[in-house]
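A look at the structure
Each chain, written out:
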Amino acid sequence: YKLSVAPEMDIMEYCRKEWRGNTPVAKRMRKGYEAVAQKFASIRRVRGDNYCALRATLFQALSQATQLPNWLQSEDFTMLPENLLRKYDWIKQWQLKQKLGRKMGEISEEIKEYLILLRKKWKNISEIEGPIEKQEACDKLFKNEEEEYSLYEALKFLMLNTAIELYNDDKSGRRVPVFSWLLFARDTSSNPCQLMHNHLNHIGHSGGLEQVEMFLLAYALQYTIQVYRLYKHSTDEFITVYPNDPEEDWPVVTLITEDDRHYNIPVRMCQETML
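In the annotation of an unreviewed UniProt entry, the entry for the protein chain reads OTUL thioesterase, and the organism field reads Ibidorhyncha struthersii. Its UniProt record gives the protein chain a comment under Subcellular location (unreviewed entry), which states: "Cytoplasm".

Rendered as structure tokens:
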């Protein structure tokens, strides 16, 4: 198996290994890591395929989960694919992960399975009380490729559902967050159908998440995603929060990026920060 999230390593040790030179970029990265090290002691490297933003976010959310989020508890959660396909025929072109011998028309059943798996794993892990056991359960899940990639398909589908809701809200004159305008202002995603074809279908295959899609992920999960963007050190974008006006009761996950493409995970908050 390949471990999707590497074991933890001292954050400054990692930085020294990765950024040795004296170029302006290396200096800035070291400064960035020093700032993160004020808050977190260790880092865990996340496997760098095009799922890494989803992987890092989900891993962090599960490893600190203490309860099932409300949206995962709702009765009609698993009916989502069926209900959406009834309204939007174009969702049939959703790009599922490659499976041999798939017949058309199974798409809603398959996504339903992924959603059920997401709910089950989230519930099981959130019920584990000991932090060490919880961490072990997360590590085990992220070693199981079949399950892990099924969870990313579930997240992508939830992002599509959120995009459809925001698009419809805007069309019917309700207030929507600013990022939603930016999402649909792109030539390649002026509506949810285009967003699916040109963006969501490619995540994990030929591309990762763009910045505006990090907002969409945060809204889909109802989590605040806080990111240390190391190459922006000493600017006001060094710590970026998606969304920038989160609901107060949304839990927070923290990620690190050097370039807005690949994300790693800071772990072990330093004691004084926790106080």
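There's plenty left to go through after this.
**Looking at helix H3 (residues 52-63)**
Taking 1.5 Å per residue, twelve residues should reach 16 Å; H3 reaches 16 Å between its end C-alpha atoms and fits that length. Taken across its twelve residues, H3 has twelve buried, putting it largely inside the fold. Taken as a whole, H3 has its buried residues at Cys52, Ala53, Leu54, Arg55, Ala56, Thr57, Leu58, Phe59, Gln60, Ala61, Leu62 and Ser63.

**What about the UniProt feature "active site" (unreviewed entry) in the protein chain?**
Feature annotation in UniProt places "active site" (unreviewed entry) on Asp49, Cys52 and His262, given in this structure's numbering. For the annotated residues, spread through 214 residues, the largest C-alpha to C-alpha distance comes to 8.3 Å, consistent with a single compact locus. For Asp49, the residues in contact, after removing those within four places along its chain, are Arg55 and Tyr149. For His262, the position within the fold is in the loop between strand S5 (252-257) and strand S6 (263-269). Within the local environment of His262, its side chain forms a polar contact with the backbone oxygen of Val46, the two atoms lying 3.0 Å apart.

Criteria and thresholds
Residues numbered from 1 in each chain as written. Predicted model: local features only at pLDDT ≥ 70, side-chain atom pairs only at ≥ 80, totals over all residues. Heavy atoms only, no water. UniProt positions renumbered as here; feature names shortened; annotations may be inferred. Helix = DSSP H or I, 4+ residues; strand = E, 2+ residues; numbered from the N terminus. Expected span 1.5 Å × (residues − 1). Buried < 20%, exposed > 50% of the residue type's maximum accessible area, 1.4 Å probe, protein only. Contact = heavy atoms within 4.5 Å. Polar contact = N/O pair within 3.5 Å; in protein donor to acceptor, adjacent residues only side chain to side chain.

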